[in-house]
Structures are given as C-alpha cells and as structure tokens.
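Coordinate analysis (summary)
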Amino acid sequence: MIELKNVRFSVPADTSIAGGGASKTIINDVSFRFERGKFYGITGPNGGGKTTLSKLIMGINPVTSGSILLNGEDITALSITDRAKAGIAYGFQHSARFKGTTFRDLLAIAAGTEDETALARIIARVGICSLDFLDKPVDAKLSGGEIKKIELATIIARNPKVAIYDEPDTGIDLWTIGPMVEVLKREQTEKGTTTIVVSHNRAFLEAADEILMIRGGRLAYTGDLAGARPILEDLSVCSFGDVCEGENDVRCFR
Ligand SMILES: Nc1ncnc2c1ncn2[C@@H]1O[C@H](COP(=O)(O)OP(=O)(O)OP(=O)(O)O)[C@@H](O)[C@H]1O
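Residues numbered from 1 in each chain as written. Predicted model: local features only at pLDDT ≥ 70, side-chain atom pairs only at ≥ 80, totals over all residues. Heavy atoms only, no water.

Structural notes on the pairing of strand E7 (residues 162-166)
Rule in force here: Each residue is placed in one exposure class: buried if its accessible area under a 1.4 Å probe, protein chains only, is under 20% of its type's maximum, exposed if it is over 50%, and partly exposed if it falls in between. Elements are defined by DSSP. Helices are runs of H or I of four residues or more, strands are runs of E of two residues or more, and each kind is numbered from the N terminus. For two strands to count as paired, DSSP must find a minimum of two bridges between them. A crossover gets the label right-handed when its path from the first strand over the helix to the second runs clockwise, viewed with the strands pointing away from the viewer.
A large share of E7 lies buried, amounting to five of its five residues. Of the two faces of E7, both are covered, the one formed by Val162, Ile164 and Asp166 as well as the one formed by Ala163 and Tyr165. The pairing of strand E6 (residues 88-91) with E7 spans four bridges and is classified as parallel. Counterpart to Ala89 in the pairing with E7 is Ala163. As defined by bridge partners, E7 adjoins strand E8 (residues 194-198) across five bridges and the pair is classed as parallel. When the bridges of E8 are listed, Ile164 appears paired with Ile196. This β-α-β element, E7 to helix H6 (residues 174-191) to E8, shows right-handed connectivity.

Spelled out as structure tokens, the structure:
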C-alpha cells in the first residue's frame, strides 16, 4: 500500500524572468491511499500534474512537504534506488535507449538472472515470442512499440510491489494497446502488483479499479470511471474553471 499524506511539490521562482516571478506549486496538498493489488488510472488535463505526482512516488522529484508511506513505512527520504529496492518500479513516458546495450543485458539485470529459460518466460509475458529479440540493441533503431515492450518486460522482470507507468501507450499503435492493458491487468491479478497508470487512454481507464483526476495540482476526483465520465466527456461545460488562466492558458482548447 502506498499512502500520500498532504504531499506538496513546489519549484522555485524562475530567475530568468524579469522580477524573478513567484515560486510555483505543482502538486498541492494531495492525500491518497493506493491499496495493495489494485489498478489505478491517473488522468486529467495536460499540465495538471499527473507525471509530477507519479515522479514524487518514485522519488524522481523530492516532495517539498508531506510524506509518502510504503506499507506503513515512511519512504519520503529514500532515494530512487532505495525505493526501487523496496519494490517500486517506474516506466517513463519516453523510454530510455542505451547505445551498446542489448535487451538481454537490461532484462538480465532486471530479473537478476541470465538463465535463458527464465528470460524467455518473462518476454512471453509481454507477448514477445522470438528469442532473437533478446539480442536486439536498445538503440535509436527500435520502433516506439518495441522500446515500450522492452521497458514493460524489464519492469515485469523485477516483480515489483508497485508498478507506475507514465503514459505507457505513447508511441504504441491502436492494435497494441489492448494487449498491453491485458499484460498489466494480468500482472495485477496474478502477482498482486499495485498498478498505477498515468493515461488519457480509455482502455487503461476502463481497466482501472479507481480513477484519480488531477487538475491544477490537486485531486479533483477519485472514484470509479462512471463517476468520472461526466467530467471527461462533457466538453460543452468547462470543468476546469477554478484553475482557468484565461485565453493565455494553453491547456484549454474549449
Ligand atoms: N521541475 C519543474 N519545474 C518547473 N515546472 C515544472 C516542473 N515539473 C513540472 N512542471 C510544470 O508543472 C506542470 C505539470 O506538469 P506535469 O508534467 O506533471 O503535467 P501532466 O499532467 O503530466 O501533463 P501532460 O498530460 O501534458 O503530460 C506543467 O505546467 C509543467 O510545466
């Protein structure tokens, strides 16, 4: 179980702006309990703070105030590495590529074994059948879908307690999204992985047990998808009025 208690993340004033500007609060007093083994979909308007919140859980961003607990233990001060050791894994929106490294290298590190049968079992879980794929270099020549599958496999290989995926459908074709959702659902149900997916995609939101909507750095809604639908679907009503910055607000196209 991951618990966020009054979590806040602010960045200092932009000193490149004349006059300095004011410090900016990006995540504002968010409290929430992610229960063990459940699937959560984090959604909301662009720039609302979804990625920032997920990075706070992984420790990529340090919280400004508040605390984060994993199974009752305060992990707020832990580094990314220590959080990874404690069982939290993170998939970036834009997966990293490592020149001179093969998929086999990354997978062996993640799984803690070079045993080919074990590696084959892991890649089968993400729908890669060919063992030849293991020797693909993880470089710029990979397609968007291939690199996502590789990242997914390296996360799954670690059997994390908590898996966070930031927009896992980035660069993925429509035909691959369904199977990807199935992979994440299977890991959740069979391994009891607490799964947190940042997404605008209906398929991921439909798979979620609970939706969190973040706007203006605050939790605007938590509950089932049915309850979120009026906010997500009714484009005739501006539901972001309280954070609206007028015509200069690039997030709003209404
Ligand atoms: N380190 C930082 N310094 C300054 N501003 C930041 C920083 N991190 C995030 N922001 C700003 O905070 C806001 C929220 O960013 P974030 O990436 O969390 O939004 P998001 O909800 O994930 O958006 P999207 O749906 O477009 O991916 C944005 O306006 C972003 O520019």
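Additional details are given in the paragraphs that follow.
With respect to the pattern of salt bridges
Which entries qualify depends on this criterion: We define a salt bridge as a side-chain nitrogen of Lys or Arg found within 4 Å of a carboxyl oxygen belonging to Asp or Glu.
According to the stated counting rule, one finds nine salt bridges in the structure shown. Salt-bridge contacts for Glu116 lead to Arg104; the nearest nitrogen and oxygen are separated by 2.8 Å. Placement of Glu116 in helix H4 (residues 116-125) and of Arg104 in helix H3 (residues 103-111) is noted, with a sequence separation of twelve residues between them. The class of Glu116 is partly exposed, set by a relative accessible area of 35%. Given the relative accessible area of 23%, Arg104 is considered partly exposed. A salt bridge links Glu187 to Arg125; its shortest N-O distance comes to 3.0 Å. Taken as a pair, Glu187 in helix H6 and Arg125 in helix H4 lie far apart in primary sequence, 62 residues in all.

Comments concerning unusual backbone geometry
One non-glycine residue, Asp29, adopts positive backbone phi at about 60°. Its place among the elements puts Asp29 in strand E2 (residues 24-34). Taking relative accessible area as the criterion, Asp29 reaches 37% and is therefore assigned partly exposed. Even without being a glycine, Asn159 presents a positive backbone phi close to 45°.

What about helix H1 (residues 50-58)?
Most of H1 sits inside the fold, with seven of its nine residues counted as buried. Note on H1: the residue one or two positions beyond its end, Gly59, has a positive phi of about 90°.

What about the packing of H3 against helix H5 (residues 144-157)?
Heads up, the condition is: Think of each axis as a best-fit line through the C-alpha atoms, taken over the contacting stretch in the case of a helix, with angles from 0 to 180 degrees between the N-to-C directions. By the definition adopted for this analysis, an angle is roughly parallel if under 35 degrees, roughly antiparallel if over 145, roughly perpendicular if from 65 to 115, and oblique otherwise. Whether a crossing is left-handed or right-handed is set by the direction in which the near helix is turned from the far one by less than a right angle, anticlockwise for left-handed and clockwise for right-handed. Residue contacts are defined here by distance: any two heavy atoms, one from each residue, within 4.5 Å place the two residues in contact. Residues are grouped as follows: Ala, Val, Leu, Ile, Met, Phe, Trp, Tyr, Cys and Pro are nonpolar; Asp, Glu, Lys and Arg are charged; all remaining types, including Gly, are polar.
H5 packs onto H3 with a crossing angle of 20° between their chain directions and a minimal axis gap of 7 Å. In terms of their interaxial angle, H3 and H5 are classed as roughly parallel. Our pair here, H3 against H5, has a crossing hand that is right-handed. Only Ile150, Ala153, Thr154 and Ala157 of H5 make contact with H3, whose side of the interface consists of Phe103, Leu106, Leu107, Ala110 and Ala111. Its residues assigned to classes, the contact of H3 with H5 shows eight nonpolar, one polar and no charged.

Some points on the sheet that holds strand E10 (residues 218-223)
What the six strands build is an open sheet, ordered E6-E7-E8-E3-E9-E10; its pairing is mixed. Single-partner strands in this sheet number two, and they are E6 and E10. Strand after strand, the sheet turns through a mean of 15° between neighbouring axes, direction not considered.

Some points on the environment of Ile2
On the secondary structure map, Ile2 appears in strand E1 (residues 2-11). A relative accessible area of 0% means that Ile2 is categorised as buried. Filtering out sequence-adjacent residues up to four positions away, Ile2 remains in contact with Phe32, Arg33, Phe34, Ile57, Ile68, Leu69, Leu70, Ile88 and Val162.

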